[in-house]
Amino acid sequence: MAMKNISGPSADAAGRRAVPQHIAIIMDGNGRWATRQGLPRKAGHAAGAETFRRITRYCRDIGVKHFTVYAFSTENWKRSQDEVSALMLLLKKYLIEAIETMAQEHVKLYVMGDITRLTPELQALSRRALETAKTVDGMQANVCFNYGGRDEIVRAARKYAEDYAAGKAASLDEALFSTYLDSAGIPDPELIIRTGGEQRTSNFLLWQSAYSEYVFTDTLWPDFQPEDIDRAIEALNHRDRRYGGAK
Ligand code: FPP
C-alpha cells in the first residue's frame, strides 16, 4: 500500500499514513452548486470537471494507484438535451487534453462503461486514450461514462456466455467473472466517496464495492477540496474492516 509522510492518528510509527490503492467518487451536487449561483446546470458540470482535474492530481501526488469517478450514468440520458450535450462536450475536451498530456502528467485516463452509445468521435477518442495510456507510466484515472453497475454486469455475463458457448471459457467463478468486467485488472476500491449529501450507491461499481468503505459528505462536488480526500482517508483508516470475518 502506498504511503505518504504525514502525522496524525492513522500514521504509522514512521509518520506515514496508509493511502488506499483505489479511491472512487460519486461526484454529486454540480446542478445544485450552479443553481445556487444563478447559473445553468451545465456550468456546474464545467466547474465539477475542474474539480476532477484538481483531485486527480492530488490523488496521484499522494500515491493513489487507481482513481475512478462517476461522470455519466446509464440513467443520465434522461436529462435535458442541453445538459447531456454539455457532458459529452466535457468528455471530448478532457479526452483530447488527456491524450496530449498523459505522459507529462503521469495520469492514464481510461473511459469505463458502454461506449458504443457514444458518438463515433467520442468512441475514437476513448480508444485513442486507451492506446496512449498503455504507453504511459502513472496513476490510472477511470472516467465512468455511460456506465451503470447493472449494465456492466449484464455486458460481462453476455461476453462470458459467448466465450463459454464457443468453448473458450472455463466454468465460472468470481475471479473469472471479474475479468469480463470493465474493471478487469483493477483492484476493488477500498474507499468510495459520495459528495452532495445523498447516501446511496446509484448503480456505481456494484460488483467492485462489495467490501468498500463509504464516506458521504454534504460538500457539493465543485466545492470538494484535497483536504476532503485527506478527511475521507482518515475516516477509512479508523474503520474496522472485517470482510465478513469476526474478531
Ligand atoms: C451529478 O451531479 C453529476 C453528474 C451527473 C455529472 C458529473 C460530471 C462531471 C463532474 C464532469 C466531469 C466530466 C468529465 C468528462 C471529466 P448532479 O448534476 O446530479 O447534481 P445535483 O444533484 O445537484 O442536481
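Going by the structure above, here's the rest.
Keep in mind that this is a model prediction, so the values were computed, not measured.

Visitor: What exactly am I supposed to notice about the environment of glutamine 37 here?
Guide: Considering the arrangement of structural elements, one finds glutamine 37 in the loop between helix 1 (30-36) and helix 2 (41-62). Along the backbone, glutamine 37 and serine 212 are 175 residues apart, and their C-alpha atoms lie at a distance of 34 Å.

Visitor: Explain the sheet that holds strand 3 (residues 22-26) to me, please; I cannot follow it from the model alone.
Guide: Within a sheet, each strand pairs with its neighbour through backbone hydrogen bonds, oriented either parallel or antiparallel. Taken in spatial order, the six strands of this open sheet run 5-6-4-3-7-8, and their pairing is parallel. The open sheet is flanked by strand 5 (107-112) and strand 8 (213-216), the only strands paired with a single partner. Recorded for the sheet is a direction-independent mean angle of 20° between the axes of neighbouring strands. With four bridges joining them, strand 7 (residues 191-194) and strand 8 adopt parallel strand pairing. Bridge pairing in strand 8 places leucine 191 opposite glutamate 213.

Visitor: Explain the pattern of salt bridges here, please?
Guide: Two side chains carrying opposite charge are able to pair once their charged atoms lie near each other. Applying the stated rule across the entire model yields 17 salt bridges. Aspartate 28 is paired through a salt bridge with arginine 32; the nearest N and O atoms lie 3.6 Å apart. For arginine 32, a relative accessible area of 31% corresponds to the partly exposed category. One salt bridge in this structure joins glutamate 83 and arginine 41, with 2.8 Å as the shortest N-O distance. Linking glutamate 83 in helix 3 (residues 81-105) with arginine 41 in helix 2, this pair joins segments that are 42 residues apart in sequence. Each of the salt bridges in this network shares a partner with another, and the network as a whole consists of Arg57, Arg60, Asp61 and Glu105.

Visitor: Before we go on, may I ask you to explain the site of the ligand in this structure?
Guide: Neighbouring the ligand are 18 residues; Asp28, Gly31, Arg32, Arg41 and Arg79 lie closest to it. At a separation of 3.1 Å, an oxygen atom of the ligand approaches a polar backbone atom of glycine 31. One of the backbone N or O atoms of arginine 32 is found 2.7 Å from an oxygen atom in the ligand. With the chains in place, 92% of the 620 Å² that the ligand exposes on its own is no longer accessible.

Visitor: How should I be thinking about empty space enclosed by the protein in this particular structure?
Guide: If you roll a probe as big as a water molecule over the atoms, it shows you where there is empty space left. Under the definition given, this model contains one cavity of 30 Å³ or more. Lining the largest cavity we find His22, Thr68, Met112, Asn142, Ser183, Ile186, Pro187, Leu205 and Gln208. Considered class by class, the residues forming the lining of the largest cavity number four nonpolar, five polar and no charged.

Visitor: Would you take a moment to explain the packing of aromatic side chains for this structure?
Guide: Any aromatic ring pair is given by two values, namely how distant the centres are and how the planes are angled relative to each other. Tallied over the entire structure, the rule returns twelve aromatic pairs. Here the aromatic rings of tyrosine 70 and tyrosine 147 are separated by 5.9 Å at their centres, their planes lie at 80°, and the arrangement is edge-to-face. Taken as a pair, tyrosine 70 in strand 4 (residues 66-73) and tyrosine 147 in strand 6 (residues 139-147) lie far apart in primary sequence, 77 residues in all. Given the relative accessible area of 9%, tyrosine 70 is considered buried. With a relative accessible area of 0%, tyrosine 147 lands in the buried category. Considering the side-chain rings of tyrosine 214 and phenylalanine 216, the 5.7 Å spacing of their centres and the 5° angle between planes classify their relative orientation as stacked. The exposure class assigned to tyrosine 214 is buried, which follows from its relative accessible area of 19%.

Visitor: How should unusual backbone geometry be read in this particular structure?
Guide: Trans peptide bonds make up most of the peptide bonds, and negative phi angles are found at most residues other than glycine. One non-glycine residue with positive phi stands out, namely asparagine 146, at about 50°. Relative to the helices and strands, asparagine 146 is located in strand 6.

Visitor: Teacher, can you tell me more about the layout of surface pockets here?
Guide: Empty space within the largest pocket amounts to approximately 710 Å³. In terms of lining residues, the largest pocket is bounded by 32 residues, among which Met27, Asn30, Tyr70, Ala71 and Asn76 are the most central. Those elements that provide at least two residues to the lining of the largest pocket are helix 1, helix 2, strand 4, helix 3 and strand 6. In the lining of the largest pocket, the residues fall into 16 nonpolar, eight polar and eight charged. For the second largest pocket, the calculated volume is near 310 Å³. Along the wall of the second largest pocket there are 16 residues; nearest its centre are Tyr110, Val111, Met112, Leu130 and Asp182.

How each quantity is defined
Residues numbered from 1 in each chain as written. Predicted model: local features only at pLDDT ≥ 70, side-chain atom pairs only at ≥ 80, totals over all residues. Heavy atoms only, no water. Helix = DSSP H or I, 4+ residues; strand = E, 2+ residues; numbered from the N terminus. Pairing = 2+ DSSP bridges. Axes fitted to C-alpha atoms, helices over the stretch in contact; angles between N-to-C directions. Salt bridge = Lys/Arg side-chain N within 4 Å of Asp/Glu carboxyl O. Buried < 20%, exposed > 50% of the residue type's maximum accessible area, 1.4 Å probe, protein only. Near = heavy atom within 4 Å. Polar contact = N/O pair within 3.5 Å; in protein donor to acceptor, adjacent residues only side chain to side chain. Areas by Shrake-Rupley, 256 points an atom, 1.4 Å probe, with all protein chains shown as cover. 1 Å grid on protein atoms, 1.4 Å probe; cavity = no way out; pocket = protein on both sides within 12 Å on 5 of 7 lines; lining within 4 Å. Points joined across faces, edges and corners; volume = space filled by probe spheres on them. Nonpolar A, V, L, I, M, F, W, Y, C, P; charged D, E, K, R; others polar. Phe/Tyr/Trp six-rings, centres within 6.5 Å; stacked < 30°, edge-to-face > 60°.

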